[in-house]
Amino acid sequence: LSPVMLREATRGALPTVPISPGQRFVTLGVDVNAGSAKDLRYEVLDASGNAILSGRTPLPPSGAPLLLLIPADELGSQGRHTLIVSDPDSSGAPFGEYSFDVTR
């Protein structure tokens, strides 16, 4: 796996997730500070803010990034996307929002 590492919003350029013809999966790596949560909820939004993918996963071990293996077809079109990671068991307040550009 060669994950594209995502970071919370900064003033620099967005990370780019390149998708080649025939590519089946994309791996995203995320450093998540989730406090005492046991599980995480994630949601990927397209440039229009529409949810295109969501799920729930266990919190990775301390110091390890969250790795998401996503079918490339699920990311749809080129452009800006946002990954939102939140606590599924509370108010749903996000632990972080991570923007990235998809290129094909």
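This text follows the structure it describes.
Residues numbered from 1 in each chain as written. Predicted model: local features only at pLDDT ≥ 70, side-chain atom pairs only at ≥ 80, totals over all residues. Heavy atoms only, no water.

Draft legend 1. Up close: the pairing of strand β8 (residues 94-103). Here strand β2 (residues 16-18) runs beside β8; their pairing, made up of three bridges, is parallel. Within β8, the residue paired with V17 across the bridge is V102. Of the strand pairs in this sheet, strand β7 (residues 79-86) and β8 are connected by eight bridges, and their pairing is antiparallel. Note that in β8 the partner of T82 across the bridge is S99. (Pairing = 2+ DSSP bridges. Helix = DSSP H or I, 4+ residues; strand = E, 2+ residues; numbered from the N terminus.)

Draft legend 2. Region of the structure containing the environment of A37. Within the secondary structure, A37 is located in the loop between β3 (25-30) and β4 (39-45). Taking C-alpha positions, A37 is 22 Å from M5, a pair spaced 32 residues apart along the chain. For A37, the contacting residues outside a window of four places in its chain are L59, D87 and F95. (Contact = heavy atoms within 4.5 Å.)

Draft legend 3. Main features of the side chain of H81. Here H81 lies in strand β7. According to the relative accessible area criterion, H81 is buried, its value standing at 1%. Sequence-distant contacts of H81, that is, excluding residues within four places in its chain, are made with V44, L45, D46, I52, L75, Y98, S99, F100 and V102. (Buried < 20%, exposed > 50% of the residue type's maximum accessible area, 1.4 Å probe, protein only.)

All quantities given are derived from atomic positions and should not be read as evidence of function.
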